[in-house]
Amino acid sequence: MVNVPEKRNKAVAIFSLILSILYFFFGSLEITFWLGFDVTYLSPVTIYSDAFAGFTLIVTSLIFAAGFINLWRNEVRGYSYVLVGLFVASVLGILQFLILVANWTERYVLLNEDFADWTWIDDFRAVIPLWIMSLPLIVPLRSLKMRRV
Amino acid sequence: MYSTVQMPLALVPEGALVEVVAYSPNVGRGFMHKVTALGLIPGAIIKVIRNHFPGPIMLDIKGFRIFIGHGIANKILVRVIG
Amino acid sequence: MMLRTVSPLKVKVALAGNPNVGKSVVFNNLTGARQHVGNWPGVTVEKKEGLCTFEDAKIEVVDLPGIYSLTANSIDEIIARNYIVEEAPDIVVDIVDASNLERNLYLTLQLLELGANVIILLNMMDLAEEKGFKIDTKKLEKLIGVPVVPSVAPKRIGMNELCQKIVETKKKSLTYKKIFKYSKDLEEGIERVRYVLEQYEELSKYNLRWLAIKLLEDDDEVKKLIVKSISNYNAIFSEVEKIKSELEKKYDDLIVAFADERYRIISQIVSQVVTKVQVEEPTLTSMLDEVFTHKYLGIPIFLTLMWAVFQFTFTVAAPISDLFDMIFSSLAEIASTNIKPTWLGSLIGEGIIGGLGFVFVFAPNIFFMFLALSILEDSGYLARAAFNMDKIMYKLGLHGKSFIPLLLGFGCNVPAIMSTRTIDNENDRLITILVNPLMSCSARLPVYVLFAGIFFSAYAGNVIFSMYLLGIVLAVLIALILRKTLFPGRPSYFVMEMPPYMVPTLRSIVVHTWERGSMFIKKAGTIIIAGLVAIWALSNIPYGAPIEESLVGQFGKLLEPIFAPFGWDWRIAVALFFGFIAKEIVIGSLAILYGTGEETLYGPISNALTPLSAYALMAFVLIYVPCIATVGIIKQETGSWKWTLFAIAYELILAYLVAGFIILIGHLIGLA
């Protein structure tokens with residue numbers, strides 16, 4: 001795959017870095033909140049003090065970071081990290097979306113009293129917009145020459 | 001990187017191409033049957049993809065991926081050919 | 001016009017092949033809905049049989065376990081061998097992965113050695129093409145001497161041709177039994193052993209060449225066979241030993257020698273039949289593996305995906321569970337208020353409908369979990385996860401494959417124990433099964449939540465987490481102890497295939513999920529419903545009396561002294577007893593016993609226990625006795641009462657000890 005231009009690698013690398021920083025930021029917010037400091041004002045989306053969710057965000061951040069480091073050095077395997085990063089981002093994003101739908105169903109279809117105070121904003125967590133933001137990565141990935149097997 | 005030195009498969013670094021030479025002397029029949037059925041016989045050429053020593057090791061044998069425990073990997077002697 | 005009744009042609013076919021070659025897809029294609037799943041006699045390996053009708057023929061299909069060769073080292077291989085020798089199927093269809101021809105043909109050669117009538121189904125032709133291989137199937141047919149039918153099973157390509165070949169073979173009584181000759185010395189050795197064996201009439205029904213080869217390879221099962229069939233077996237063995245030692249002057253080891261010869265033959269064939277067209281390019285599989293098996297990122301990624309699976313299983317399934325809850329609750333109420341006499345109404349309402357509702361409420365969770373796991377498994381990811389965890393597992397004296405069952409145990413122990421089937425070594429498997437119930441299943445969570453909420457409010461989350469941790473720590477300890485005492489030896493040699501990643505087909509996911517989910521619901525469901533009805537009965541006899549005087553109350557009083565040192569009264573004793581049926585019931589029973597609804601248990605419970613005794617109780621619930629569904633599955637998977645009772649006993653004792661220990665420490669530190 002030596003014909004993949006250097007410029008493109010660097011561009012994807014920067015994009016990856018930005019995603020990495022964003023995931024790291026929100027992951028840390030979740031964790032610091034869990035530790036007891038109310039930092040919710042720093043975030044445009046809902047933050048729970050969910051240490052596990054924070055962990056998953058940090059992990060995603062690390063994957064994108066590895067992608068950045070490799071691609072910046074023009075190492076082709078950086079694309080592997082970007083691919084997996086996109087995959088994990090999608091898993092988390094789609095999952096959260098499904099949770100949102102599930103809870104919406106509880107509130108408006110089942111009319112469950114436990115959910116009387118719920119609004120969709122409650123479940124609109126960082127992973128959703130972050131996932132949308134990582135979707136453009138599909139473009140460079142598609143143009144990679146690679147065999148399925 | 002061509003070498004005549006034999007080493008246990010378990011110690012081969014990731015990315016290396018090796019040829020199976022022999023098994024360690026004290027192996028049992030169960031080991032041999034298992035290993036021969038997978039194609040890990042003397043003369044076979046394998047690529048080491050991942051080596052989490054002292055953990056499992058992932059190999060590519062003729063386009064086919066498996067992973068084996070370091071117990072088995074320790075008992076297969078190979079020489080590095082690339 | 002003369003009417004002739006033609007009896008349908010009957011053909012007996014066995015499906016053989018390496019694991020992961022698409023055997024089950026072929027089996028499903030051929031048999032559709034007419035399958036029957038059971039067990040091979042005497043073992044816990046699954047046996048699938050089915051019926052396929054093609055033109056005027058009735059084809060009985062038996063799915064043999066996936067194997068790499070026909071040695072005597074694993075149950076799967078022995079089952080396959082014995083079936084072919086004893087049942088003598090008309091045809092053995094060897095399903096071969098075209099993208100891995102060399103390795104797959106090893107089994108083919110062994111099948112031919114065994115004397116089976118082989119037809120090769122060259123499956124995964126699409127994968128081979130993608131890998132850049134061009135295979136000359138006609139030439140392969142010629143060189144290997146048996147028919148070769150190319151196929152792409154998921155798309156049903158080749159299935160008709162296969163059936164046609166099968167029917168044709170049977171009709172014309174064709175046999176495909178090519179004999180491949182090995183090196184001169186080996187052939188000489190084989191001949192000499194054959195000559196010895198020929199003298200014995202008792203062996204005449206077996207394929208002597210195969211017996212000869214196996215004796216030279218020191219095959220245990222064949223040796224057992226000789227001992228069983230011939231009285232002066234020693235004569236045979238000493239002759240064979242002589243022949244072997246002569247051969248060993250030339251070849252270091254006969255097992256390797258034969259393997260070598262087989263691969264030599266295979267190489268020759270493959271080099272004439274396969275041409276590689278494309279240049280090596282990085283594959284999706286290698287790209288994904290780069291990250292998924294990364295030394296440092298591999299496990300965190302795995303944990304992330306597992307967290308996603310659990311979230312999916314519980315949170316996303318919740319609305320469906322809640323829906324069932326609502327439906328069944330209202331049905332139960334309608335029943336109990338409208339059916340006369342009142343006792344019948346109560347039985348049907350609270351008892352039966354309540355019981356059914358209970359099962360339906362957790363069914364969505366189970367199905368969602370199986371769904372997520374099917375996706376992980378079929379895509380090929382799970383093999384990589386096992387790879388990542390193997391190192392840790394080994395240190396714990398466990399097999400790498402034990403990891404997935406233990407993980408599943410956090411959801412529910414029943415499917416977790418069912419999934420231990422993939423572990424070949426009996427000891428490893430047993431340890432995994434015995435330790436499994438210590439993985440805190442989801443049924444125990446409501447108990448933790450209730451007690452932690454009442455007694456530890458602000459710290460509830462951490463207290464609950466400590467329970468899970470306690471479970472893991474105990475599991476590790478018990479596994480180590482079991483390994484040292486009852487099952488000495490290191491975990492068996494570990495080999496695992498890493499199939500190429502693929503996007504699982506919707507059909508296979510749905511089939512897997514439905515298979516496992518419904519099996520679980522049927523088993524667990526019936527037990528739980530029966531149990532709940534029993535509880536209802538015991539607590540309502542005599543009907544109308546206050547709870548203390550019912551059968552249940554009296555029973556509780558009997559149990560009370562056992563738990564007195566922990567500060568638990570008879571109600572708790574009874575609830576624990578019913579927890580044996582299903583851990584979820586513990587809270588429900590407490591509610592019935594205190595005569596309150598579940599929401600208002602707060603009062604009575606905070607009066608009945610202290611934080612210390614509550615924590616000890618939580619630990620007790622974690623450890624004691626697996627629920628009856630789990631007990632049932634342990635019995636099924638281990639096939640013995642001995643281990644099942646052992647599991648129940650050691651857990652009861654351990655639970656009692658740990659709870660006692662907690663109370664003791666508590667008193668010593670002055671927390672009483």
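Structure's up top.
Residues numbered from 1 in each chain as written. Chains lettered and ligands numbered in written order. Predicted model: local features only at pLDDT ≥ 70, side-chain atom pairs only at ≥ 80, totals over all residues. Heavy atoms only, no water.

(A) Structural context of the overall build of chain A. Helix and strand content of chain A: five helices and zero strands. Reading the helices (α) and strands (β) of chain A from amino to carboxyl end gives α-α-α-α-α. Over its C-alpha atoms, taken along the principal directions, chain A stretches across nearly 60 × 35 × 20 Å. When each of the 149 residues of chain A is scored for burial, the buried share is 48%. Put simply, of all contacts in chain A between residues at least 6 apart along the chain, 68% involve residues at least 24 apart. Carbon and sulfur atoms make up 70% of the accessible area of chain A, which totals about 7,600 Å². (Helix = DSSP H or I, 4+ residues; strand = E, 2+ residues; numbered from the N terminus. Buried < 20%, exposed > 50% of the residue type's maximum accessible area, 1.4 Å probe, protein only. Contact = heavy atoms within 4.5 Å. Areas by Shrake-Rupley, 256 points an atom, 1.4 Å probe, with all protein chains shown as cover.)

(B) Representation of the packing of helix 27 (residues 611-623) of chain C against helix 29 (residues 641-669) of chain C within the structure. Residues and elements named next belong to chain C. One way to put it is that helix 27 packs onto helix 29 with a least axis distance of 8 Å and a crossing angle of 160°. With respect to each other, helix 27 and helix 29 are oriented roughly antiparallel. Relative to helix 29, the crossing made by helix 27 is right-handed. On the side of helix 27, the interface is formed by Leu612, Ser613, Tyr615, Ala616, Ala619, Phe620 and Ile623, while helix 29 contributes Glu651, Leu654, Ala655, Tyr656, Val658, Ala659, Ile662, Ile663, Gly666 and His667. Partitioned by chemical class, the residues of the contact of helix 27 with helix 29 number 13 nonpolar, three polar and one charged. (Axes fitted to C-alpha atoms, helices over the stretch in contact; angles between N-to-C directions. Parallel < 35°, antiparallel > 145°, perpendicular 65-115°, else oblique. Left-handed = near helix turned anticlockwise from the far one by under 90°. Nonpolar A, V, L, I, M, F, W, Y, C, P; charged D, E, K, R; others polar.)

(C) Quick peek at the side chain of C:Thr108. Mapped onto the secondary structure, C:Thr108 falls in helix 3 (residues 101-114). Among the polar contacts listed, one links the side chain of C:Thr108 to the backbone oxygen of C:Asn104, at a separation of 3.4 Å. (Polar contact = N/O pair within 3.5 Å; in protein donor to acceptor, adjacent residues only side chain to side chain.)

(D) Quick peek at the interface of chain C and chain B. Contacts between the two partners involve 39 residues from chain C and, on the opposite side, 32 residues from chain B. At the surface where chain C touches chain B, the tally comes to two salt bridges. Measuring nitrogen to oxygen at the nearest pair gives 3.9 Å for the salt bridge that ties C:Glu290 to B:Arg50. The tally of links from chain C across to chain B stands at eight residue pairs in polar contact (both at pLDDT 80 or more). Those elements that place two or more of their residues in the side of chain C that touches chain B are helix 3, helix 11 (254-273), helix 12 (284-292), helix 16 (381-395) and strand 10 (495-497) of chain C. A total of eight residues in the side of chain C that touches chain B trace back to one element, the largest contributor, which is helix 16 of chain C. Grouping the amino acids of the side of chain C that touches chain B by side-chain chemistry returns 15 nonpolar, nine polar and 15 charged. By the bridge criterion, three bridges tie strand 5 (residues 64-68) of chain B to strand 10 of chain C in an arrangement that is antiparallel. In the strand pairing of strand 10 of chain C, B:Ile68 is matched with C:Val495. (Salt bridge = Lys/Arg side-chain N within 4 Å of Asp/Glu carboxyl O. Pairing = 2+ DSSP bridges.)

(E) Just the pairing of strand 5 of chain B, in detail. All names here are of chain B. Where burial is concerned, most of strand 5 is hidden: five out of the five residues are buried. The alternating pattern of strand 5 places Phe64, Ile66 and Ile68 on one face and Arg65 and Phe67 on the opposite face, and all of these are buried. Bridge count between strand 4 (residues 57-61) and strand 5: five bridges; the pairing is antiparallel. By the bridge assignment for strand 5, methionine 58 is matched with phenylalanine 67. Following strand 4, the chain reverses through two residues before pairing antiparallel with strand 5; lysine 62 in that reversal takes a positive phi of roughly 50°.

(F) The packing of aromatic side chains, seen in detail. For the structure on display, the rule yields 28 aromatic pairs over all chains. Taking the centre distance of 5.7 Å and the plane angle of 85° together, the rings of B:Tyr23 and B:Phe31 count as edge-to-face. Note on accessibility: B:Tyr23 and B:Phe31 belong to one class, buried. Ring plane angle 80° and centroid distance 5.7 Å describe the contact between C:Tyr182 and C:Phe258, whose orientation is recorded as edge-to-face. One end of the pair, C:Tyr182, is in the loop between helix 6 (159-171) and helix 7 (184-198); the other, C:Phe258, is in helix 11, with 76 residues separating them in the sequence. Within the aromatic cluster, the residues linked to one another by ring pairs are C:Phe563, C:Phe566, C:Trp568, C:Phe620, C:Tyr624 and C:Tyr656. (Phe/Tyr/Trp six-rings, centres within 6.5 Å; stacked < 30°, edge-to-face > 60°.)

(G) The arrangement of the pairing of strand 3 (residues 46-54) of chain C in detail. Residues and elements named next belong to chain C. As defined by bridge partners, strand 2 (residues 35-39) adjoins strand 3 across five bridges and the pair is classed as antiparallel. Looking at strand 3, one finds that valine 37 is bridged to lysine 48. Pairing analysis gives seven bridges linking strand 3 to strand 4 (residues 57-63), with the strands arranged antiparallel. From the neighbouring strand, phenylalanine 54 faces strand 4, where its bridge partner is alanine 57. The turn joining strand 3 and strand 4, which pair antiparallel and follow one another in sequence, is formed by two residues; a positive phi near 50° is taken by glutamate 55.

(H) Structural detail: the sheet that holds strand 6 (residues 76-80) of chain B. The antiparallel open sheet is built from seven strands, whose spatial order is 1(B)-6(B)-2(B)-3(B)-4(B)-5(B)-10(C). In the strand order of this sheet, the two ends are held by strand 1 (7-8) of chain B together with strand 10 of chain C, each with one partner.

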